[in-house]
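Survey of secondary and tertiary structure
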Amino acid sequence: MKDLLKDPTLLRTQAYINGEWVDADSGETFPVRNPATQEVLAEVASVGGAETRRAIEAAEVAQKAWAARTAMERSAILRKWNDLILENVEDLAIIMTLEQGKVLAESRGEIVYAASFIEWFAEEGKRVYGDVFPLPQSTSRGVAIRQPVGVVAAVTPWNFPSAMLTRKCGPALAVGCAMVAKPAHETPLSMLALAELADRAGLPAGLLSIVPGAHAKPIGDEMCSNPIVRKFTFTGSTRIGKMLAAQCTETMKRTSMELGGNAPVIVFDDADLDKAAVGAAASKYRNSGQTCICANRILVQEGVYDEFVEKLKGVVGTFKIGDGMDESSTHGPVITRKALEDIKEMVDDAVAHGAEIAAGGDFGAEGEQFIQPTILCNVTDDMRVFKEEIFGPVAPIFKFKTEEEAIAMANDTEFGLAAYLFTRDQGRSWRVSEGIEYGMVGVNEVLISSTFIPFGGIKESGQGREGSSYGVDDYLEMKYICFGDLGA
Ligand code: ADP
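Here is what the cut-offs are and how they apply
- Residues numbered from 1 in each chain as written.
- Predicted model: local features only at pLDDT ≥ 70, side-chain atom pairs only at ≥ 80, totals over all residues.
- Heavy atoms only, no water.
- Salt bridge = Lys/Arg side-chain N within 4 Å of Asp/Glu carboxyl O.
- Helix = DSSP H or I, 4+ residues; strand = E, 2+ residues; numbered from the N terminus.
- Buried < 20%, exposed > 50% of the residue type's maximum accessible area, 1.4 Å probe, protein only.
- Contact = heavy atoms within 4.5 Å.
- Polar contact = N/O pair within 3.5 Å; in protein donor to acceptor, adjacent residues only side chain to side chain.
- Axes fitted to C-alpha atoms, helices over the stretch in contact; angles between N-to-C directions.
- Parallel < 35°, antiparallel > 145°, perpendicular 65-115°, else oblique.
- Left-handed = near helix turned anticlockwise from the far one by under 90°.
- Nonpolar A, V, L, I, M, F, W, Y, C, P; charged D, E, K, R; others polar.
- Near = heavy atom within 4 Å.
- Areas by Shrake-Rupley, 256 points an atom, 1.4 Å probe, with all protein chains shown as cover.
- Disulfide = S-S within 2.5 Å.
- Pairing = 2+ DSSP bridges.

1. Let's talk about the pattern of salt bridges
Tallied over the full model, the rule gives 32 salt bridges. As a salt-bridge pair, arginine 167 and glutamate 466 come within 3.0 Å of each other at their nearest N and O atoms. Separated by 299 residues along the polypeptide, arginine 167 in helix 5 (residues 163-175) and glutamate 466 in the loop between strand 19 (462-463) and strand 20 (476-483) bring together distant segments of the chain. Owing to a relative accessible area of 2%, arginine 167 belongs among the buried residues under this scheme. The class for glutamate 466 is buried, based on a relative accessible area of 7%. Aspartate 221 is paired through a salt bridge with lysine 217; the nearest N and O atoms lie 2.8 Å apart. With a gap of four residues between them, aspartate 221 and lysine 217 both fall in helix 7 (residues 216-225), about one helical turn apart.

Shown next as structure tokens:
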């Protein structure tokens, strides 16, 4: 793997704790595999609770000095980090494609996207304002200031191994917090490479520690129980997120949770169907269907159902499934063999209940972890594909009659992250956007995610917002100060 990189020293396989690259106390390591070939790319240090505790204790010391610096000083270091990430896009993209599987073009896009959070929050950190309150007493004045929460622990998933770190540590570091972060064991190399660049940018020791591990529980237990940690931020599955949020209540930590989704794409009969088909395919199959805002259920009005399916088949027919390192591939493998089997089970369940495979349906033909982009028709709301997050390149296409029915179907889920609709009717675009219970809605647009917007969900998709000027709020506490006895 090293020979593919211009700068092989970006390939880090130890944990990064208090500014030092270290092995696990036990000496244990775990393998990182290429999902396209199953080849072992590297052995990475597998740390546990004790190393995590040391990282948290170091963060506590480093955070106090960091918070005492000016926002301008913090910003200068973060901007340097941003620049270094952008100077190394190609190497970072190669590392990501090798461990995560997404095609190189998507990896390059994610690295630029990841850097944009550092750049954005380096600026937002300068704009942490307070407030002044009129009081009932003429001799007092009341103000509120906002201060960093302190030490933050973060756990991130494998689908966006770089951006899910920077979206959290960008605002945290910019406002004066310190962070201890755990990457997913499938994709630790991307996060470790970013830490190497943070180190080169001059980020002081202890402010950002990375604790990779084959066993998530001891690391998570320490993060969620240690009283030094004042905030826990998580991106991952709803099941694990709920469990960790519950663990955090013991020490009353603040939490931000970015959890699962079950995004509907609603296609009305007045929509531009060509654009709807291209949009639905882009949303569904990006990162091989492995994003939390991926289209999960495509709801199409009955009069245009058949035409839409034909158009979607046309778009999917242009895809080329293959190793992400091959520039001609448009879509890569899924993350693990287990993931492929879980997705296949959902397709089998749908077919057993009467669904029809209109395209794809081939699991494992191009290689152990490759799935042909699949379209399912004749699907109904009693099938698993209606209720569960598929997290793979499978598009079930449901039929609806009226606007009211579409809204009811869209809301018939415990999730509430992203939703999309295609219509050319202005009134309908407002009515439906306001009527569906989601944190984010795309109208005639599926590429809704960026640094500029408040990303996050409602219901069991989580709480908190990442990105935009609101993205700093989760890392700040408000303190009220009353100045009394000021004279008449
Ligand atoms: P996915 O199904 O996408 O892998 P998970 O919620 O299982 O979603 O994983 C998201 C992140 O949560 C990963 O970094 C994983 O290692 C981590 N994780 C899983 N279980 C725990 C746990 N008990 N404590 C802390 N982190 C955990």
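2. Observations regarding helix 13 (residues 403-411)
Since there are 3.6 residues in each turn of an α-helix, residues three or four apart along the chain are aligned in direction. For helix 13, the complete set of buried residues consists of Glu403, Ala406, Ile407, Met409, Ala410 and Asn411. Packing partners of the buried residues in helix 13 comprise strand 12 (263-267), strand 13 (295-301), helix 12 (384-387), strand 16 (394-400) and helix 14 (426-435).

3. A look at the side chain of glutamate 403
Relative to the helices and strands, glutamate 403 is located in helix 13. In this structure glutamate 403 comes out as buried when scored by relative accessible area, which is 9%. Within the structure, the side chain of glutamate 403 is placed 2.8 Å from the side chain of arginine 428, a separation counted as a polar contact. At a separation of 2.7 Å, a polar atom in the side chain of glutamate 403 contacts the side chain of arginine 431.

4. Some details on the packing of helix 3 (residues 89-100) against helix 4 (residues 104-124)
Close contact between helix 3 and helix 4 brings their axes to 8 Å; oriented N to C, the two are set at 120°. The angle between helix 3 and helix 4 falls in the class oblique. In this structure, helix 3 meets helix 4 at a crossing whose hand is right-handed. Contacts from Val89, Glu90, Leu92, Ala93, Ile94, Met96 and Thr97 in helix 3 reach Leu104, Ser107, Arg108, Glu110, Ile111 and Val112 in helix 4. Among the residues making up the contact of helix 3 with helix 4, the classes are represented as eight nonpolar, two polar and three charged.

5. A closer look at the site of the ligand
Around the ligand, the structure places 15 residues, and the nearest of them are Thr156, Trp158, Lys182, Ala184 and Ser237. Within the side chain of tryptophan 158, one N or O atom sits 3.1 Å away from an oxygen atom of the ligand. Within the complex, the protein chains bury 79% of what would otherwise be the 550 Å² of accessible surface of the ligand. Those elements giving two or more residues to the shell around the ligand turn out to be helix 7 and helix 8 (238-248). When its residues are assigned to classes, the shell around the ligand shows nine nonpolar, four polar and two charged.

6. Overview of the state of the cysteines
Going through the model one piece at a time under the given rule, you end up with zero disulfides. Summary of cysteine pairing: cysteine 248 is not part of a disulfide, and the nearest cysteine sulfur, belonging to cysteine 224, is at 3.7 Å. Free cysteine: cysteine 294, not disulfide-bonded; nearest cysteine sulfur from cysteine 292 at 8.2 Å.

7. Side note on the packing of helix 9 (residues 273-285) against helix 10 (residues 305-316)
Axis separation between helix 9 and helix 10 bottoms out at 9 Å; the angle between their running directions is 55°. As judged from the angle between their axes, helix 9 and helix 10 are oblique. Seen from above, helix 9 lies across helix 10 with right-handed handedness. The residues of helix 10 that touch helix 9, namely those facing Leu273, Asp274, Ala276, Ala277, Val278, Ala280, Ala281 and Tyr285, are Glu307, Phe308, Lys311, Leu312, Val315 and Val316.

8. Let's talk about the sheet that holds strand 5 (residues 131-133)
Ordered in space as 5-6-20, the three strands form an open sheet in which the pairing is antiparallel. Either end of the sheet is taken by a strand with one partner, and the two such strands are strand 5 and strand 20. With strand direction ignored, the average angle separating the axes of adjacent strands in the sheet is 25°. Alignment of strand 5 against strand 6 (residues 141-148), held across three bridges, turns out to be antiparallel. Residue pairing for strand 6: phenylalanine 133 is matched across the bridge by glycine 142.

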